[in-house]
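Report on the structure
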Amino acid sequence: MESADFLLIFSLVCALLLVAPPMGIYLARVLGEAPFSWLRRVAFVEKGIYRLCGVDPTEEMNWKSYTGALLLFSGAGLLFLLAILLLQAYLPLNPAHIEGMSFSLAINTAISFVTNTNWQAYSGEAAASYFTQMVGLGVQNFLSAATGIAVFAALARGLARKETHEIGNFWVDLVRTILYVLLPLSCVIAIVLMSQGVVQNFLAYLDATTLEGVSQKIPMGPAASQIAIKQLGSNGGGFFGVNSAHPFENPTGLSNAVEIFAMLLLPCAVPFAFGSLVGDRKHGRILFGTMFVMFLCSLGAALYLESGSISSLGQLPFIEGKESRFGLGASTLWTVATTVTSNGSVNSMISSASPLTGGIAMFNIMLGEVIFGGVGCGIYGMVLFVLLTVFIAGLMVGRTPEYLGKKIEAPEIKWAVIGVLAPCAVILLFSALACMTQAGISSLSSAGPHGLSEILYAFSSAAGNNGSAFGGLNANTPFYNLLMGFGMLIGRFAVLLPVLRLAGQLACKKHTPPSSGTFPTDSLLFGALLCATILIVGGLTFFPALTLGPIVEQLLLGQGRFV
Amino acid sequence: MKSSISPSLDGAILRRACWAAVQKLDPRVQEKNPVMGCVFLGAVLCTGIVTVDFSFFTLQITLWLWFTVLFANFAEAVAEGKGKAQTDALKKMRTDTLAKKLVDNVPVEISAKDLHAGDHVVCLAGDLIPGDGEIVDGIASVDESAITGESAPVIREAGGDRSAVTGGTKVLSDRIVIRITVEPGNTFLDRMVQMVEGASRKPTPNEVALNLLLISLTLIFVLSVGSLKAFVAYTETASHITTHAASLPVLIALFVCLIPTTISGLLSAIGISGINRLTQKNVMAMSGKAVEASGDIDVLLLDKTGTITLGNREAVAFLPVAGVSMEQLAQVAQLASLTDTTPEGRSVVVLAKEKFNYRAQDLDMQTAVFVPFSAETRLSGLDIQEGDVTRRLRKGATDSLRKFVLAYGGNFPEEAQRLSLQVAEQGGTPLAVADGIQVLGIISLKDTVKGGIKERFAQLRKMGIRTVMITGDNPLTAASIAAEAGVDDFIAEATPETKLARIRYEQAKGHLVGMIGDGTNDAPALAQADVGVAMNTGTQAAREAGNMIDLDSNPTKLIEIVETGKQLLMTRGALTTFSIANDVAKYFAILPAMFAGFYAVADATGPLAALNVMGLHSPQSAILSAVIFNALIIVFLIPLALRGVAYRPLGASVILRNNLLIYGVGGIISPFVGIKLLDCMAGLFF
């Protein structure tokens, strides 16, 4: 590892440790009962929105109405986006005269952006007009991220409150998150990115002649604003096809660092917000710590593998497929960061990385996107694992397991395992389906274990609502478009709905005050146990599949063989 | 029955359990446990395969799958068998007895089976009591050894807190009339038999939750192993190598090894043996739910008298006011207490006798008129005619005596008031003594705290349980005894309402409350508490309100009950952790065996042979070893399931750390060792 890479990682870690905790507390105040006083001064915008939409911000919802509002909102967003994608040829701001998408691609893209996945079976500059990018995709970037945070807030309230049916107001959570968190942060990041040369304009694509005399179309567009929220909101859908490997999306080393920081900022802050909202900040810190350690382990392993130390090719590092302006360290850091945060933006070809690095990236997603995970989604996914951990460990101390004073009984276990199982089922079953069908196999670019990795990665990316692409797989076929779309829906809603049900269930429960007989959830031991649960559940579920994909490929490479 | 209630695992039980294990192969039994049901299905499938396409390897897998099911059945059967042995003695008592039912006050002999709640029966010396009920008339000594194992007869009498009788016990003397309160078939004895046998065992809430978790783990492996078939097919095409390693029997073997068979096979045995262990401690739990809940108790309500203190208050000192000698006070106190037959009154007489060798007989009783103690006046005493003057000697509660003195025109001296307060502050009960209108002094009564009780409470505190003492004493006395005994809190001047209110208050704050009681006035509180333990000596009302009955009537038993409840949950958690941790090794045994052929060049093994970290002999022996280990581990863990994981009253963090080390880390390591050993043995045959 070069010293520049070390410096980048070191300063990123420092920046995160410095900024994430206060950011989390800020987020908690925005979502909590007692917002900052200065918020009240600018609250006229917020109040105006409520009046415009006919929302009573003081109304508390039970889990059913909260879920209803969320589903209605997501459904409407889906249809609206679908319409834009199909009809973009007839809509304004389309200087490149881009046609409407095919139905299977449009439905895939619409689902992808509404579920915060941002899987892109299309290439931005070739298939999406500026109007689509801004009004369609950009808006969903904000909304889907805010929806994730809203669900997280509802769950935190379910844990913090007792003997009530009320878990907050979906509309208020949504509006506040966007107004006070996502919008201001996006503005700052967008301006920083523009200063580095990220484009932000409505110009038509430029025609240029290269030094070799070849004529080339250079795409333009309002990219900076899009990229800011794509990174902040765990979206990851690039403005251009090659995502953050494109020089107009990510021109310099500094822009690269800022984008990685933006990608990790909110996912790292949310555990602190969670601790604050449930009234146990130490527990929040432990959750963050668990995620952080897993992130660092994953990063360390990936850096080691990328350096080429265990391949048969001598000490050659895996440089192919990486942007030379970022180099090995910054590219690997991005790959790990984007897979742990459910972001899905890329700045290098994961397919070209060492097989096991691809495996690690895949495994990060397969674990359920809980090592940080998406904004909001990560922590609520994590809480499902926490419930399982608390249940097994709680039994071992001889009491009915309880989490933050709430007893964990059959209904909680039921909803938690549904939330954990659903994405696993999507990854394994859909991958198996793809392996068994001609439609699945024919999209592969490689026949051996690498091909299996391509399939596994794609469905992991869909089910984990990550959206990053391994590369190599031709995903714009009706088979993949529809199956992936379905996978993304399950990955989003089969987790989100049980979580909301849980929030309602937990809110109704009594709160048991802790005693020395209570299993502590704010100790290092708990962190280690949580880590073990996640790894063992993930490992046991996916180890056989990974063995035939990245693991065997790495072993073959070790023997100097390519299949 | 004490001896017969804790049978060791003798040959008869094991022989019966073996047969029962085979009987439990009935699919209707198997479907009740979905995880083991999956193993059952796998075994059936493999049997089918082996008959169609015979191979020695498949046959062995099939046999071991059947053994896995049988071992799990066996574990359950052993636990049930132990229970059955306990109940055999009880069942003998249920044999039909004749009851003398009172019809218009004339005894009519009918079968005990035909008795109904509300009937009155008469029992004479030598009769077996035909059913559970309450004595409405008479007093008798009853031999309850059949239930409690205690050979000394107990006194049962109408009214008061000792009126309940149990069907199957024997009247030794006198005549009593009993009102039957429980329908036949639902008596204490019947319920005992049902509970211990596990016949009426419903899954407890925690068991339901755990089962859900185990089923979902099983589902994960259905997905994982099911999809593997497709990935293997893909890899066979890609590597142009068809290994047959992922044949259906191998996949079934992998699946069975991965699903949590260890805990699922032992789950019901753990539950049944939990109740059995309580029975061994002479506690009858009315439901498994109650046993489980007892592990969760974090507030414990204990009656002071008999639990924390030895029982009755006794006079310990005479405190005269200035100008009165102690002898004088003692003499008057003794005289005034002669008619007081309460234990307190008697202790005053005894103390005076011990200190000054006074005897009541010394007094000329001709002129004396006794004023007996009454609950209304709360005074007792003696009026002595001395000429025209009536000398009124009185002893009683300070308040009452003050009223008495004031009523006759005297005044209650400041000093006596001070002494009385002082006694109360030190945890005693003050009684004042007066000769006419002159107050002589104070008698200090004290309750003695049981030895070792403080350590017990400290232990409870370590377990995270707060103790609350209930007493009828005044707040000062109560506070002093509470401090001496080391309880965390107390309720003074308790009434049934305050007890109930306290339980509700604690429950509203989210606590789980355990309560021990014996009297009828405890019944509402026992019913309200999450775990209500009724003393067997108590009233029928109390026994019906509680969800456990302590046959020894020993109030400190609750600590053991809590421990058993905790053990029950800990055993489940530990074996679940063990079961899941085992899977790591099984992967490293089976997957390399299945995949070693892929991408192989010429005759060399493929790259995935590198995963064979245990260096297992051959693919077949590796798979077999894993399956055999998976089956045998159930048998090995049966004793642990029956005995329960050891519980020591340490903090939750320490317990967790210890159990994680043993069952988590141990669970990861032990199968590596076990499978390697089995493989070495199997290697001799392959």
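When you go through chain A residue by residue, the secondary structure sums to 19 helices and four strands. Relative to the globule expectation of 24 Å for 563 residues, the C-alpha radius of gyration of chain A, 23 Å, shows essentially globular dimensions. Principal axes of the C-alpha set define a box for chain A whose edges measure 75 × 60 × 45 Å. Considering chain A as a whole, with its 563 residues, one finds that 65% of them fall into the buried category. Contacts in chain A between residues far apart in sequence, at least 24 positions, make up 78% of those at least 6 positions apart.

Taken together, the 62 residues of chain B in the interface contact 64 residues of chain A. The junction of chain B with chain A conceals about 5,200 Å² of combined surface from both sides, 76% of it contributed by carbon and sulfur atoms. If you sort the residues of chain B by the area they bury against chain A, Phe231(B), Tyr234(B) and Tyr599(B) come out on top, with a joint share of 15%. Linking chain B with chain A are one salt bridge. Note that Asp298(B) and Arg399(A) form a salt bridge whose closest N and O atoms lie 4.0 Å from each other. Of all the elements in the fold, those that place two or more residues in the side of chain B that touches chain A are helix 7 (205-239), helix 15 (453-462), helix 17 (496-508), helix 20 (557-595) and helix 22 (652-683) of chain B. Of the residues forming the side of chain B that touches chain A, the biggest block, 20 residues, is contributed by helix 7 of chain B. For the side of chain B that touches chain A, the per-class residue count stands at 38 nonpolar, 15 polar and nine charged.

With that out of the way, let us pick up helix 15 of chain B. Residues and elements named next belong to chain B. Buried within helix 15 are the following residues: Ile 453, Phe 457 and Leu 460. Axial view of helix 15: buried residues confined to an arc of 55°, hence all on one face. Pointing more than 90 degrees away from the buried face of helix 15 are the exposed residues Glu 455 and Lys 462. At its buried positions, helix 15 is contacted by strand 11 (299-303), strand 18 (466-470), helix 16 (475-485) and helix 20. With its phi angle positive at about 90°, Gly 464 sits one or two positions after the end of helix 15.

In this section: the packing of helix 19 (residues 524-558) of chain A against helix 7 of chain B. Interhelical geometry of helix 19 of chain A versus helix 7 of chain B gives an angle of 10° and a closest axis separation of 8 Å. In terms of axis orientation, helix 19 of chain A runs roughly parallel to helix 7 of chain B. Between helix 19 of chain A and helix 7 of chain B, the contacting residues are Val537(A), Leu540(A), Thr541(A), Pro544(A), Ala545(A) and Leu548(A) on the first element and Ile220(B), Phe221(B), Ser224(B), Leu228(B), Phe231(B), Val232(B) and Thr235(B) on the second. For the contact of helix 19 of chain A with helix 7 of chain B, the per-class residue count stands at 10 nonpolar, three polar and no charged.

Cut-offs used in this document
- Residues numbered from 1 in each chain as written.
- Chains lettered and ligands numbered in written order.
- Predicted model: local features only at pLDDT ≥ 70, side-chain atom pairs only at ≥ 80, totals over all residues.
- Heavy atoms only, no water.
- Helix = DSSP H or I, 4+ residues; strand = E, 2+ residues; numbered from the N terminus.
- Rg over C-alpha atoms; globule rule 2.2 N^0.38 Å.
- Buried < 20%, exposed > 50% of the residue type's maximum accessible area, 1.4 Å probe, protein only.
- Contact = heavy atoms within 4.5 Å.
- Buried area = accessible area lost by both parts, 1.4 Å probe.
- Salt bridge = Lys/Arg side-chain N within 4 Å of Asp/Glu carboxyl O.
- Nonpolar A, V, L, I, M, F, W, Y, C, P; charged D, E, K, R; others polar.
- Arc of directions from axis to C-beta.
- Axes fitted to C-alpha atoms, helices over the stretch in contact; angles between N-to-C directions.
- Parallel < 35°, antiparallel > 145°, perpendicular 65-115°, else oblique.

Treat this as a map of the structure, not an account of what it does.
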